[in-house]
Amino acid sequence: MSKIDEIQNDIKATPGLGKSMAKWSALGAVVAIPVPVIGPIFGALAGAGYAYYKGKKKV
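Residues numbered from 1 in each chain as written. Predicted model: local features only at pLDDT ≥ 70, side-chain atom pairs only at ≥ 80, totals over all residues. Heavy atoms only, no water.

### Overview of the environment of aspartate 5
- Tracing the backbone shows aspartate 5 in helix α1 (residues 3-13).
- When its relative accessible area of 34% is taken as the criterion, aspartate 5 is described as partly exposed.
- On a C-alpha basis, the gap between aspartate 5 and glycine 28 in space is 24 Å, while along the polypeptide they are 23 residues apart. (Helix = DSSP H or I, 4+ residues; strand = E, 2+ residues; numbered from the N terminus. Buried < 20%, exposed > 50% of the residue type's maximum accessible area, 1.4 Å probe, protein only.)

### Some details on the pattern of salt bridges
- With the rule as written, the count across this model stands at one salt bridge.
- Residue lysine 3 is joined to glutamate 6 by a salt bridge in which the shortest nitrogen-to-oxygen separation is 3.7 Å. Within this pair, lysine 3 and its partner glutamate 6 are both found in helix α1, separated by three residues, close to a single helical turn. (Salt bridge = Lys/Arg side-chain N within 4 Å of Asp/Glu carboxyl O.)

### A short note on the confidence of the model for the protein chain
- Scored by pLDDT, the protein chain comes out at a mean of 85, with 95% of its residues at no less than 70.
- Looking across the protein chain, the model is least confident in α1, with a mean pLDDT of 85, and most confident in helix α2 (residues 17-32), with 89. (pLDDT = per-residue confidence, 0-100.)

### Concerning the environment of glycine 49
- Looking at where glycine 49 falls in the secondary structure, it is placed in helix α3 (residues 39-58).
- Residues glycine 49 and tryptophan 24, spaced 25 residues apart in sequence, show a C-alpha to C-alpha distance of 8.5 Å.

### Remarks on the nonpolar core
- Residues Leu17, Met21, Ala48, Ala51 and Tyr52 constitute the largest nonpolar core, which totals five residues.
- For this core, the secondary structure elements donating two or more residues are α2 and α3.
- Element by element, the count of residues in this core is highest for α3, at three residues.
- Methionine 21 has contacts with Ile11, Ala48, Ala51 and Tyr52, leaving out every residue within four places of it along the chain. (Core = buried A, V, L, I, M, F, W, Y, C linked by side-chain atoms within 4.5 Å. Contact = heavy atoms within 4.5 Å.)

### With respect to the UniProt feature "transmembrane region" (unreviewed entry) in the protein chain
- Here, the residues flagged by UniProt with the feature "transmembrane region" (unreviewed entry) are residues 26-53.
- Counted over residues 26-53, helix gives 79% and strand 0%. Its end C-alpha atoms are 16 Å apart. (UniProt positions renumbered as here; feature names shortened; annotations may be inferred.)

See below:
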């Protein structure tokens, strides 16, 4: 099982985690728009990663 499969299973098994990741990735993208080096894509990844970490920490 790869790490991506493990993350997908965690998202499916944890209620609300996917929704939280979507919200945080949108916020990360918006915040990172004015930062030319990072950009919205990396901001979205950072936001989703934060939500995943936060969601897994609760479990």
